[in-house]
Amino acid sequence: MSRSPARRLRHMHDLLFQAYGPQRWWPARTPFEVVLGAYLTQNTAWTAVERSLANLRAAHALTLEGFRKLPLSDLQNLIRPSGFHTRKAPALKAFVGLLDAEFSGSLKKLAAVPTQTLRRRLLALPRVGPETADAILLYALGHPVPVADEYLRRIVTRHHLLKPPPARGRAGYDALAALTRRAFAADPPAQHAGLFNEFHALTVAAGKAHCGLAPHCDGCPLAADLARPPSHP
Ligand code: SF4
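The structure displayed is predicted, hence computed values, not measured ones.

Before going further, it helps to spend a moment on the site of the ligand. For the ligand, the full set of nearby residues is Ile155, Arg158, His159, His210, Cys211, His216, Cys217, Cys220, Leu222, Ala223 and Leu226. Here the shell around the ligand is composed, by residue class, of seven nonpolar, three polar and one charged.

Printed below as a string of C-alpha cells:
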C-alpha cells in the first residue's frame, strides 16, 4: 500500500535527520540577526549575506540600538554585498519602524501577537513575502509555522508529492507549506516549531548536497523514496 504524500514527507524528515543530524538553525546569534538575515538572503546566496552581516557587525549595527543609529545611506553601503541594497535597506528600516511605533521597539512584544495576525502584519511590510515572513515568525519569533523555499519545492516536485502536479513544475508556496503542516500534523503541537525548524534546515542541506538545479540522486538520503510506488497514479 502506498503512503500518503504527507507521510512520505514526514519520513523524509527522519531520513534526512538520520543522515545529517540536528542542524540547529538559524545561523544567527540573536533574533534581530535572524530578521536581518531573512531580508538579506532574498535572491542572494548565504555567503553574500555573511559579508553584509560582517559589515554590520563591524559598524556595531547588529543590535537594534546600533541599527537605529545607522543612516539609510550607510546601511545601503554596508549591505551592498547581498544585492538589492537600495530596496533591502529601506525595507529593513520599515521593519524597525513598525517595531518602534507599535511594539515599543521590543521583539518580545512583537512575538506575543497571535501567529496569523502577526503574519498578516509582516506580509504588509515592504519586501516581505511568505518565505521571509515565515522565516521571521519561526526563527526569530518562535511561532510554529513551516518555511517553504526552492529546495523544498524541488524535492516535493521531483518526488511527485503534490496533486495536481504543479503548473509548469512550480509548486506554489501555500501548497508546499500546507503539505509540510500535514506531514507533521500527528506530532505534538508543542514540538511543531522545533520540527519545522529542523525540517527546513535539513531540506536545505539535502538541496545543497544533492538536489540543486540538477538532481544528483546517487548517495542522497532521499533516494530510497524515489523507489517507492507513486502516491498519486
Ligand atoms: S537528489 Fe534525487 S533523491 Fe535526492 S531529493 Fe533530489 S530528486 Fe530526491
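From this point on, the discussion continues.
So, about helix H11 (residues 173–183). Tyr173, Leu176, Ala177, Leu179, Thr180 and Ala183 are the residues of H11 that are buried. Taken around the axis of H11, the buried residues stretch over an arc of 160°, which confines them to a single face. For H11, the secondary structure elements touched by its buried residues are helix H1 (5–20), helix H8 (115–123), helix H9 (130–140), helix H10 (150–158) and helix H12 (192–209).

Turning to the side chain of His85, a few remarks are in order. Turning to its location among the elements, His85 is positioned in helix H6 (residues 85–103). Accessibility expressed as a relative area gives 17% for His85, which makes it buried.

This part takes up the packing of aromatic side chains. With the rule as written, the count across this model stands at eight aromatic pairs. Between the aromatic rings of Phe184 and Phe196, the centroid separation amounts to 5.7 Å while the plane-to-plane angle is 90°, which identifies the pairing as edge-to-face. Of this pair, Phe184 sits in the loop between H11 and H12 while Phe196 sits in helix H12, placing them twelve residues apart in sequence. Measuring from ring centre to ring centre gives 5.4 Å for Phe184 and Phe199, while their planes differ by 65°; the resulting arrangement is edge-to-face. Residue Phe184 is located in the loop between H11 and H12, and its partner Phe199 is located in helix H12; the two are separated by 15 residues in the primary sequence. Each member of the pair Phe184 and Phe199 is classed as buried. The cationic tip of Lys93 hangs over the ring face of Phe67; the distance from NZ or CZ to the ring centre is 4.8 Å. Across from the ring centre of Phe84, 5.5 Å away, lies the NZ or CZ of Arg127, which sits over that ring.

Here the focus is the domain arrangement of the protein chain. Domain assignment breaks the protein chain into domain 1 (5–24 + 147–226) and domain 2 (31–140). One C-alpha centre belongs to domain 1, the other to domain 2, and the line joining them spans 26 Å. Counting the surface lost from both domain 1 and domain 2, the interface buries some 670 Å², and carbon and sulfur atoms represent 64% of this. Summed over the three residues of domain 1 that lose the most area to domain 2, namely Val147, Tyr173 and Asn197, the buried surface amounts to 62% of that side.

About the thresholds
- Residues numbered from 1 in each chain as written.
- Predicted model: local features only at pLDDT ≥ 70, side-chain atom pairs only at ≥ 80, totals over all residues.
- Heavy atoms only, no water.
- Near = heavy atom within 4 Å.
- Nonpolar A, V, L, I, M, F, W, Y, C, P; charged D, E, K, R; others polar.
- Buried < 20%, exposed > 50% of the residue type's maximum accessible area, 1.4 Å probe, protein only.
- Helix = DSSP H or I, 4+ residues; strand = E, 2+ residues; numbered from the N terminus.
- Arc of directions from axis to C-beta.
- Contact = heavy atoms within 4.5 Å.
- Phe/Tyr/Trp six-rings, centres within 6.5 Å; stacked < 30°, edge-to-face > 60°.
- Lys NZ or Arg CZ within 6 Å of the ring centre and 35° of its normal.
- Domains from an automatic or database assignment.
- Buried area = accessible area lost by both parts, 1.4 Å probe.

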